[in-house]
Amino acid sequence: MMGPSHALSGAAVWLAGSWGLNFFADYEQSPLAIAVGTAVCAGGALFPDLDMSGKVTKNQGGATVARTFGVVSLFFAEVMEKISLGVYHATKLSKDPHRNNGHRTLTHTLPFTFLVGWGTTALCTAYGKWAVIGILFFMIGLALRGLFDEWAKRAGWVIVTLVSAAAAYFTFLHLPGDRGYPMLGLAVGVGCFVHIMGDIITSNGVPILWPVPIKRRMWMMIGIPNKIAVKVGGKVETIVLRGAFTVVSILSALGLAAPSVLRRFNIEI
């Protein structure tokens, strides 16, 4: 799937999950915590595609999200792609095909998803709000690039970087440090998982079961048959799926806001 679809899916899942926790488990979050979790999950839903390298010095190529912070994020994508390709060649079995790039390999696996989520929480626990502000800056930037794709393209990476820094600093000042840290790790991990699920329904699939060997292949691509797979950039993705993600996001946001609005006007249901 394309970047905007991934980002929307991450936002929809986080908002729907927050509403479900609030409605069924009476787990209430502040509006800021919900907004931060949604942004981080949307950014996390783009994170796995930072394995597409491009022309770093020319700020070209790679996935759209890899150009979020200009040549800096493109360089990061270059490093991630080379690491992914290295892991692929180091662990592949006899039936695994030769590859020249690492896209849809390491970053599209369950171990990577777990590692990123756990690592985020560990960093925040060890280094406190200084780690939080760095993670928020990065993830909010990815979310902006995905959720507001056309605006981000027009504004350019400098504006996106400045907006991300401002939003991260604001959150740094107001986000409490007790239960906020584990939730950040969960939001990143959930976002990565949602990304993998989105790519599973497109052609070619993802190696979600790595490192479990299947038929002498370590990197078996798991997905639905290409004949019925969602076409990347096609009408099913851009109209049906994005429309569904948008509706879920709006309804979930309304469901989260409704109780406080009703309480404010002393309305009981």
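Residues numbered from 1 in each chain as written. Predicted model: local features only at pLDDT ≥ 70, side-chain atom pairs only at ≥ 80, totals over all residues. Heavy atoms only, no water.

1. Quick look at the confidence of the model for the protein
We apply this condition: What pLDDT conveys is the predictor's confidence in a given residue, as a value from 0 to 100. A run of H or I in DSSP counts as a helix once it spans at least four residues, and a run of E counts as a strand once it spans at least two, with each numbered from the N terminus.
Chain-level statistics for the protein give a pLDDT mean of 90 and a share of 91% at 70 or above. Averaged pLDDT values over the elements of the protein bottom out at 62 in strand 2 (residues 60–61) and peak at 95 in helix 1 (residues 3–25).

2. Some points on a nonpolar patch on the surface
For clarity, the threshold we go by: Any residue with relative accessible area above 30% and no salt bridge may belong to a patch, with like charges joined within 9 Å and the nonpolar Val, Leu, Ile, Met, Phe, Trp and Tyr side chains within 5 Å. Every accessible area reported is derived by Shrake-Rupley at a probe size of 1.4 Å, with residue values counting cover from the shown protein chains alone. Counted as salt bridges are all cases of a side-chain nitrogen of Lys or Arg within 4 Å of a carboxyl oxygen of Asp or Glu.
Nonpolar side chains collect at one region of the surface, where Leu147, Phe148, Trp151, Trp157, Val158, Ile159, Leu162 and Val163 lie side by side and expose about 690 Å² of accessible area between them. Following the sequence through the fold, Trp151 ends up in helix 6 (residues 149–155).

3. Let's talk about empty space enclosed by the protein
Quick reminder of the rule: Any residue with an atom within 4 Å of a point lines the site, the site being either a cavity, points on a 1 Å grid over the protein atoms alone where a 1.4 Å probe fits but cannot get out, or a pocket, an open set with protein on both sides within 12 Å along at least 5 of 7 lines. Grid points are joined across faces, edges and corners, and a volume is the space filled by probe spheres set on the points.
As enumerated under the stated definition, the model contains 1 cavity of 30 Å³ or more in all. By volume, the largest cavity amounts to about 30 Å³. Surrounding the largest cavity, Pro207, Leu209, Trp210, Val212, Ile214, Met218, Trp219, Met220 and Ile222 form its lining.

4. Comments concerning the environment of Ala12
For the record, the criterion: Burial classes: relative accessible area under 20% of the type maximum marks a residue as buried, over 50% as exposed, and values in between as partly exposed (1.4 Å probe, protein chains only). Contacts were defined at the residue level, with two residues in contact if any of their heavy atoms lie within 4.5 Å.
Mapped onto the elements of the fold, Ala12 is located in helix 1. The exposure class of Ala12 is buried, given its relative accessible area of 4%. With 64 residues separating them in the primary sequence, Ala12 and Phe76 have C-alpha atoms 27 Å apart. Setting aside residues up to four positions removed in sequence, Ala12 forms contacts with Phe245, Val248 and Ser249.

5. So, the UniProt feature "transmembrane region" (unreviewed entry) in the protein
Note the following rule: UniProt positions are given in the numbering used here, feature names are shortened, and annotations may be inferred rather than shown by experiment.
Summarizing the sequence annotation, UniProt attributes the feature "transmembrane region" (unreviewed entry) to residues 30–48, 130–148, 154–172, 184–210 and 239–262 in the numbering used throughout. Its end C-alpha atoms 28 Å apart, residues 154–172 is made of 95% helix and 0% strand. Secondary structure within residues 184–210 divides into 63% helix and 0% strand; the distance between the first and last C-alpha atoms comes to 25 Å.

6. Overview of the packing of aromatic side chains
Just so we agree on the cut-off: To pair, rings of Phe, Tyr and Trp, with the six-membered ring standing in for Trp, must have centres within 6.5 Å; the planes then decide the type, stacked if under 30 degrees apart, edge-to-face if over 60, and tilted in the middle. We call a charge positioned above a ring when the Lys NZ or Arg CZ atom is no farther than 6 Å from the ring centre and deviates by at most 35 degrees from the ring normal.
Taken as a whole, this structure holds 13 aromatic pairs when the rule is applied. Ring geometry for Phe23 and Phe24: centres 4.9 Å apart, planes at 85 degrees, overall edge-to-face. Judged by relative accessible area, which is 56%, Phe23 ranks as exposed. Ring geometry for Tyr88 and Trp219: centres 5.3 Å apart, planes at 45 degrees, overall tilted. Here Trp219 lies in the loop between helix 8 (180–200) and helix 9 (235–264) and Tyr88 lies in helix 3 (residues 71–91), a separation of 131 residues in the sequence. Connected via pairs of aromatic rings, a cluster forms that spans Phe47, Phe69, Phe76, Phe112, Phe137 and Phe138. Across from the ring centre of Tyr88, 5.6 Å away, lies the NZ or CZ of Arg99, which sits over that ring.

7. Observations concerning unusual backbone geometry
In the segment running from Trp210 into Pro211, the intervening peptide bond is cis, with an omega of 10 degrees. Mapped onto the elements, Pro211 comes out in the loop between helix 8 and helix 9. Phi angles above zero are rare outside glycine, and Arg104 is one such case at about 60 degrees. Within the secondary structure, Arg104 sits in the loop between helix 3 and helix 4 (110–127). Given a relative accessible area of 13%, Arg104 falls into the buried group. Phi is positive for Asn204, close to 80 degrees, though the residue is something other than glycine.

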